[in-house]
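Topology and contacts: notes
What follows is the residue order along each chain.
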Amino acid sequence: AQKVTQAQTEISVVEKEDVTLDCVYETRDTTYYLFWYKQPPSGELVFLIRRNSFDEQNEISGRYSWNFQKSTSSFNFTITASQVVDSAVYFCALSEAWYGGSQGNLIFGKGTKLSVKP
Amino acid sequence: DVKVTQSSRYLVKRTGEKVFLECVQDMDHENMFWYRQDPGLGLRLIYFSYDVKMKEKGDIPEGYSVSREKKERFSLILESASTNQTSMYLCASSTPGGLPDTEAFFGQGTRLTVV
């Protein structure tokens, strides 16, 4: 069965601190996609990143970076020099690839609420 | 810009009412989804559809049904609303799994309160 675990329910940091959000996944598939979404107080989920299972390169985008390790089934997200605008709920998600053309369903973790205080 | 639009941001309905939540996407996506979001439970899949008139149950379909008569529109129906269906409902659309550009785009959510 597929599962995504975000063990941190809430994290609180002070502005400019670095913070890492953990994500551990389970899947039997060899081909799959991992995602991070941000949900600010307005409610809409904002796509941050997608990785496929064959690409273990870490990625950096500005203050954001992602560390994908298949050996530990983890896809962790780090925010460097956090800002108040980073306050949101962050979701990690898993999608298995169905080459039949259907699905593409996302399995979400329960989310981590990040509060960045000035 | 991909747009997924949900018809209402906030809804208040009475117990026993039939409730329709509408979702429209403008990117010609095959897949559409309805999720429910509750504190501490994350997002849970109610139903999804991978083609017009096709639908599949998700993890929590009880008390809900869906309709997809046109590719761009996916409706969630609460046949007889109950207070335990008070929640945030999120619609999403995506291209089929397996393509390099698979990602889901979400609407702004509908916060439904059943009284």
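Scope of this entry: the structure provided in the associated data block.

1. Here we look at the pairing of strand 8 (residues 64–69) of chain A
Residues and elements named next belong to chain A. Here strand 7 (residues 59–61) pairs with strand 8 via three bridges, running antiparallel. Looking across to strand 8, one finds that Ile-60 is bridged to Ser-65. Inspection of the sheet shows strand 8 paired to strand 9 (residues 74–79) by six bridges, in the antiparallel sense. In the strand pairing of strand 9, Gln-69 is matched with Ser-74. Between strand 8 and strand 9, which pair antiparallel and follow one another directly, the connecting turn spans four residues, one of which, Ser-73, has a positive phi of 50°.

2. Some thoughts on the nonpolar core
Residues Trp-36, Phe-77, Tyr-90 and Leu-114 of chain A are the most contacted members of the largest nonpolar core, which totals 23 residues. Of all the secondary structure elements, the ones that give two or more residues to this core are strand 2 (10–14), strand 3 (19–21), strand 5 (32–39), strand 8, strand 9, strand 10 (88–96) and strand 12 (112–117) of chain A. The element contributing the most residues to this core is strand 10 of chain A, with four residues. Among all residues touching Leu-114 of chain A, those that are not within four sequence positions of it are Ile-11, Val-13, Val-19, Ile-79, Asp-86, Ser-87, Ala-88 and Tyr-90 of chain A. Counting residues in each nonpolar core, the second largest holds 20 residues, with Met-32, Ile-46, Phe-74 and Tyr-89 of chain B among its members.

Each value, and the rule that gives it
Residues numbered from 1 in each chain as written. Chains lettered and ligands numbered in written order. Predicted model: local features only at pLDDT ≥ 70, side-chain atom pairs only at ≥ 80, totals over all residues. Heavy atoms only, no water. Pairing = 2+ DSSP bridges. Helix = DSSP H or I, 4+ residues; strand = E, 2+ residues; numbered from the N terminus. Core = buried A, V, L, I, M, F, W, Y, C linked by side-chain atoms within 4.5 Å. Buried < 20%, exposed > 50% of the residue type's maximum accessible area, 1.4 Å probe, protein only. Contact = heavy atoms within 4.5 Å.

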